[in-house]
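# Structure at a glance
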Amino acid sequence: MGSTVLPAIAAEGEYVALLGRLEPWQSVVEEVLHRHGLTRAGRALRLGRAATYPTVLVGKGHVVKLFGPWWCGAESFEAETAAYDLLAGVELPVPSRLGHGNLEDGWTYLLLEQLRGRELGAWNRRLDRDAMLSLAGWLGQFCRALDSVPLPPTGYLGSSWDRFRAFISERREEVILRRSEPQRLAPHLQAQLADWLPPVETLLHMARPPVLLHGDLHDHHVFGTEEGRTFRPTGMIDFTDALVGDPYYELGPLFIHTFRADPQLLAAWLLERNLPPAGALGFPRRALAYTILHEFDPLRGLLDDLSLLPTLDAVAEKLFASCEPQ
């Protein structure tokens, strides 16, 4: 492969600028297709939603996703490849991995099947109540099915609590010390975090085995087709944040981004999801703790609404008490 296929990127800002452009990635997409015995054959190339990694849609059948040295690309490639390996023999609506490989200068790629439809985020504010409740139930079934996916004893998604325990321990320290400026809670709520956040060993249900998690149940990752005001899910994409751990970790982005903090939608998800019991912490506190600890800080969209509440317990009650499983 020639040295001119991938763009030369010297700084993070250059990488960010290129994420929103198609032309820098066209030649490498052609190379990937050629490696796997495919051709464009007149198929149009389209840039996928600009997010973390360059993603190019080829006609209506294929997706080429590129991972470089920016933004934990090597780890995300490992996570997503491991997830698709685990899901290959499972009856779940996710893209098939058709190929993967190494490029130059530390870049790698995945060649994936393209799901039908568009992302939920493109239209979920237009969907009626029944459509959203139905979707919430479908997502609950999807997440419940992930629980039953057999995990290998070792590897990136191995059946051990060790990686998740280390991750949650690090996140707990970060949010208390504000080292990564997470959430930017109101000062009086931020000051309560050290005493309010449960110890890691209390949060982890280590008497049960950990389960496979998508890691970012955001509405941009749910695909489907729209018929009238009905949304018919076709699958879930983007397993770059896949991990093995506690299913309560999924709640934050799902509730705040996908369900727009609607407790009835979360209740519909919980009805199908069948989460393990919340234990002595109770559902509102456990749910809020994992929302605060989530890598992508889903609370950011609600900070103004929550800033007038006096305590984190009050925040937990406001967000999660009305949808607590019975």
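For the structure, check the block above.
A short tour of the structure in this document, coming up. Remember, it's a predicted structure, so these values are computed and weren't measured experimentally.

## Some thoughts on the overall build of the protein chain
What the protein chain contains, in helices and strands, is 13 helices and ten strands. For 326 residues, the compact-globule estimate of 2.2 N^0.38 gives 20 Å, and the C-alpha radius of gyration of the protein chain, at 20 Å, lies within 12% of that figure. Taken along its principal axes, the extent of the C-alpha atoms in the protein chain is 60 × 45 × 40 Å. Here the protein chain holds 326 residues, and 52% of them are scored as buried. Residue pairs in contact within the protein chain that sit at least 24 positions apart in sequence constitute 71% of those at least 6 positions apart. In the form shown here, the protein chain has an accessible surface area of approximately 14600 Å², with 51% of it arising from carbon and sulfur atoms. The centroid of the 31 positive side-chain charges in the protein chain is displaced by 4 Å from the centroid of its 41 negative side-chain charges.

## With respect to the layout of surface pockets
Taken as a whole, the second largest pocket holds about 200 Å³ of empty space. What lines the second largest pocket is a set of 14 residues, among which Leu270, Leu275, Phe283, Glu324 and Pro325 lie closest to the centre. Ranked by the residues each element gives to the lining of the second largest pocket, the list is headed by helix 10 (residues 263-273), at three residues. When the residues that make up the lining of the second largest pocket are grouped by side-chain class, the tally is eleven nonpolar, two polar and one charged.

## A short note on the pairing of strand 2 (residues 55-58)
Judged by which residues are buried, strand 2 turns out to be covered on both faces: Thr55 and Leu57 on one side and Val56 and Val58 on the other are all buried. With three bridges joining them, strand 1 (residues 45-47) and strand 2 adopt antiparallel strand pairing. Across the sheet, the residue bridging to Arg46 is Leu57, located in strand 2. Relative to strand 3 (residues 62-67), strand 2 is paired through four bridges, and the arrangement is antiparallel. Counted as the bridge partner of Val56 is Val64 from strand 3. Here strand 2 folds back onto strand 3, and the loop between the two strands holds three residues, one of which, Gly59, carries a positive phi near 60°.

## Here's the deal with the nonpolar core
One recurring pattern in soluble globular proteins: nonpolar side chains tend to sit buried together. Membership of the largest hydrophobic core comes to 108 residues, with the highest contact counts inside it found for Leu266, Trp269, Phe283 and Leu299. The element that contributes the greatest number of residues to this core is helix 4 (residues 129-147), accounting for eight residues. Ignoring anything within four residues of it in the chain, the contact list for Phe283 reads Tyr248, Leu251, Leu270, Leu275, Ala278, Phe320, Cys323, Glu324 and Pro325.

## Looking at the pairing of strand 8 (residues 222-227)
Two elements, strand 6 (residues 118-119) and strand 8, share two bridges in a ladder whose sense is antiparallel. Each bridged residue has a counterpart across the sheet, and for Glu119 the counterpart in strand 8 is Phe223. Here six bridges tie strand 8 to strand 9 (residues 230-236), and the two strands are oriented antiparallel to one another. Counterpart to Glu226 in the pairing with strand 9 is Phe231.

## Re the packing of helix 11 (residues 283-293) against helix 13 (residues 312-320)
Where helix 11 contacts helix 13, the two axes come as close as 8 Å, and the packing angle between them is 100°. One element, helix 11, and the other, helix 13, form an angle in the roughly perpendicular class. For the pair helix 11 and helix 13, the contacting residues are Phe283, Pro284, Arg285, Ala287, Leu288, Thr291 and Ile292 in the first and Leu312, Val315, Ala316, Glu317, Leu319 and Phe320 in the second.

Parameters at a glance
- Residues numbered from 1 in each chain as written.
- Predicted model: local features only at pLDDT ≥ 70, side-chain atom pairs only at ≥ 80, totals over all residues.
- Heavy atoms only, no water.
- Helix = DSSP H or I, 4+ residues; strand = E, 2+ residues; numbered from the N terminus.
- Rg over C-alpha atoms; globule rule 2.2 N^0.38 Å.
- Buried < 20%, exposed > 50% of the residue type's maximum accessible area, 1.4 Å probe, protein only.
- Contact = heavy atoms within 4.5 Å.
- Areas by Shrake-Rupley, 256 points an atom, 1.4 Å probe, with all protein chains shown as cover.
- Lys, Arg positive; Asp, Glu negative; His and termini not counted.
- Charge placed at Lys NZ, Arg CZ, Asp CG, Glu CD.
- 1 Å grid on protein atoms, 1.4 Å probe; cavity = no way out; pocket = protein on both sides within 12 Å on 5 of 7 lines; lining within 4 Å.
- Points joined across faces, edges and corners; volume = space filled by probe spheres on them.
- Nonpolar A, V, L, I, M, F, W, Y, C, P; charged D, E, K, R; others polar.
- Pairing = 2+ DSSP bridges.
- Core = buried A, V, L, I, M, F, W, Y, C linked by side-chain atoms within 4.5 Å.
- Axes fitted to C-alpha atoms, helices over the stretch in contact; angles between N-to-C directions.
- Parallel < 35°, antiparallel > 145°, perpendicular 65-115°, else oblique.

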